[in-house]
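So you can see what is in the structure, the chains are spelled out below.
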Amino acid sequence: MVRAVRALATTRVSVLRGTGVNLFDDPGDTGTVILVGVPISIVETSRASTQHVDDRQQTIQALTGRCNPNVDIRQGDRLLDRDGATYYQVLSSSVVSNPITGNDRRLLLQRVPTS
């Protein structure tokens, strides 16, 4: 059964997967494209927090993605936004079961800096 994403898709991404070694035998990402044009909702939230040690205020940002539960996105995959400049690392991927209706796949993401 194929169904649409319940969350409103904000962008489309390509899913990259795979690792290998470079000339110096260092592990690295190969960037093999697994899926292209996957509709996904990416929402950035932030909240203020204070550490009890020194009462220093800090802002914690979190990126959450939601997509169709049938899409094969796994922990460790990288997502390339359609703008071609923004990469996200998938920290976790889960689908909460619901006996009445299907839920979206929930992704905890981290923006990867590009150099």
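Structure first, text after, so check above.
Reference entry: report on the structure contained in this document.

What counts, and where the lines are drawn
- Along each chain, the written sequence defines residue order, and numbers are assigned to residues from 1.
- The model is predicted, so local features are restricted to residues of pLDDT at least 70 and side-chain atom pairs to those at 80 or more, both for listing and for counting; the totals for chains, interfaces and linings are taken over all residues.
- Values shown for side chains rest on all heavy atoms present in the structure; no hydrogens or waters enter the calculation.
- Take the buried residues of types Ala, Val, Leu, Ile, Met, Phe, Trp, Tyr and Cys, join any two whose side-chain atoms come within 4.5 Å, and each joined set is a nonpolar core.
- For each residue, the accessible area found with a 1.4 Å probe, counting protein chains only, is set against the maximum for its type, and the residue is called buried under 20%, exposed over 50%, and partly exposed in between.
- Only DSSP runs of H or I with at least four residues qualify as helices, and only runs of E with at least two residues qualify as strands; both kinds are numbered from the N terminus onward.
- Working rule for contacts: check all heavy atoms of both residues, and any pair within 4.5 Å makes them a contact.
- Each reported salt bridge corresponds to a side-chain nitrogen of Lys or Arg within 4 Å of a carboxyl oxygen of Asp or Glu.
- Here, any two strands with at least 2 DSSP bridges between them count as paired.
- This count recognises Lys and Arg as positive and Asp and Glu as negative, with His and chain-terminal groups excluded.
- As used in this structure description, the phrase polar contact means that two N or O atoms lie within 3.5 Å; if the pair is within protein, one of them must be able to donate a hydrogen and the other to accept it, and residues adjacent in sequence are counted only when both atoms belong to side chains.

**Quick word on the nonpolar core**
And then number 1: Core analysis: the largest hydrophobic core is formed by 14 residues, its most contacted members being I40, I73, L79, L107 and L109.
And then number 2: The set of elements that each furnish at least two residues to this core consists of strand 1 (11-21), strand 2 (27-50), strand 3 (57-67), strand 5 (87-94) and strand 6 (105-112).
And then number 3: Element by element, the count of residues in this core is highest for strand 2, at three residues.
And then number 4: I40 has contacts with A9, T10, T11, V13, G65, R66, C67, L79 and L107, leaving out every residue within four places of it along the chain.

**Re the pattern of salt bridges**
And then number 1: Scanning all chains against the criterion turns up four salt bridges.
And then number 2: The residue D77 makes a salt bridge to R17 at a minimum N-O spacing of 2.8 Å. With a gap of 60 residues between them, D77 in the loop between strand 3 and strand 4 (78-81) and R17 in strand 1 connect regions that are remote in the sequence. Residue D77 shares its accessibility class with R17, and that shared class is buried.
And then number 3: Residue R111 is joined to E44 by a salt bridge in which the shortest nitrogen-to-oxygen separation is 3.3 Å. With a gap of 67 residues between them, R111 in strand 6 and E44 in strand 2 connect regions that are remote in the sequence.
And then number 4: For E44, a relative accessible area of 40% puts it in the partly exposed group.
And then number 5: Each member of the salt-bridge network shares a partner with another, and the members are R17, D72, R74 and D77.

**Quick look at the pairing of strand 2**
And then number 1: Bridge analysis of strand 1 against strand 2 gives nine bridges, and the strand direction is antiparallel. If you follow G20 over to strand 2, its bridge partner there is G28.
And then number 2: Between strand 1 and strand 2, which pair antiparallel and follow one another directly, the connecting turn spans five residues, one of which, D25, has a positive phi of 60°.
And then number 3: Sheet topology places strand 2 next to strand 3; ten bridges connect them, and they run antiparallel.

**Here's the deal with the environment of D29**
And then number 1: For D29, the position within the fold is in strand 2.
And then number 2: D29 sits in the exposed class, given a relative accessible area of 52%.
And then number 3: Along the primary structure D29 and L16 are separated by 13 residues, whereas in three dimensions their C-alpha atoms are 8.8 Å apart.
And then number 4: Beyond its immediate sequence surroundings of up to four residues, D29 is in contact with G18, T19 and R78.

**Focus on the side chain of R105**
And then number 1: Position of R105 among the secondary structure elements: in strand 6.
And then number 2: For the buried R105, no salt bridge exists, and the shortest N-O distance to an oppositely charged side chain is 6.2 Å, to D72.
And then number 3: Reaching out from R105, the side chain makes a polar contact with the backbone oxygen of P69 at a distance of 3.0 Å.
And then number 4: Discounting chain neighbours no more than four positions away, the residues touching R105 are G65, R66, C67, N68, P69, V71, I73, S93, S94 and V95.

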